[in-house]
Amino acid sequence: MKHGRKVLVVVPNDELRRSIEFTVEAEGYEVESHAGFPTVFASHKFNGFDCAVVDEDAVDARQRNLVEFARIAGDERPVVVLVDKTAALSPAVPFQLLRKPLLGPALISAILPR
């Protein structure tokens, strides 16, 4: 079943990125995938996403790339940040946190339309 929604995935680890791609595509979502924010920001089509999954390992030390991404995503597009340690995100980053290792159902329920 196609949801007609595009999920942007920003995950540096190849295996984790492929696993997320598989899980999301199996649910009928279209996926645009990147290993990091430099390629996301360089892509002219990334603004077309409906929701995003970002791994904390893609975030720079000062979270500048995540803050910029929050500005672009706005309030209407859900963004899930995958974390495996206690994350202290900037207040400018109002994203949902999802702890790794993650299970497919938890990820899908985090990105489903609300």
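Everything quoted here is computed from the prediction, not taken from an experiment. (Residues numbered from 1 in each chain as written. Predicted model: local features only at pLDDT ≥ 70, side-chain atom pairs only at ≥ 80, totals over all residues. Heavy atoms only, no water.)

1. Overview of the pattern of salt bridges
For clarity, the cut-off: In the sections that follow, a salt bridge refers to a side-chain nitrogen of Lys or Arg positioned within 4 Å of a carboxyl oxygen of Asp or Glu.
In this structure the tally under the stated criterion is seven salt bridges. Taken together, the shared-partner salt bridges connect Asp55, Asp57, Asp84 and Lys100 into one network.

2. Let's talk about the environment of arginine 5
This is how the line gets drawn: Note on conventions: DSSP H or I runs of at least 4 residues are helices, E runs of at least 2 residues are strands, and numbering of each starts at the N terminus.
Along the chain, arginine 5 turns up in the segment before β1 (6–10). Separated by 26 residues in the primary sequence, arginine 5 and valine 31 have C-alpha atoms spaced 8.6 Å apart.

3. Overview of helix α3 (residues 64–73)
Selection rule: To sort residues, take the accessible area from a 1.4 Å probe on protein chains only and compare it with the maximum for the residue type: under 20% means buried, over 50% means exposed, and anything in between is partly exposed. Here the arc refers to the set of directions running from the helix axis out to each C-beta atom. Whether two residues touch is decided by their heavy atoms; if any such pair falls within 4.5 Å, the residues are in contact.
Along α3, the residues classified as buried are Asn65, Leu66, Phe69, Ala70, Ile72 and Ala73. Projection of α3 onto a plane perpendicular to its axis shows the buried side chains occupying an angular sector of 165 degrees, all on one side. The exposed set on the far side of α3, more than 90 degrees from its buried face, consists of Arg64 and Arg71. Looking at the buried residues of α3, the elements they touch are β1, α2 (37–42), β3 (51–55) and β4 (79–83). Trailing α3 by a residue or two, glycine 74 shows a phi angle of about 70 degrees, which is positive.

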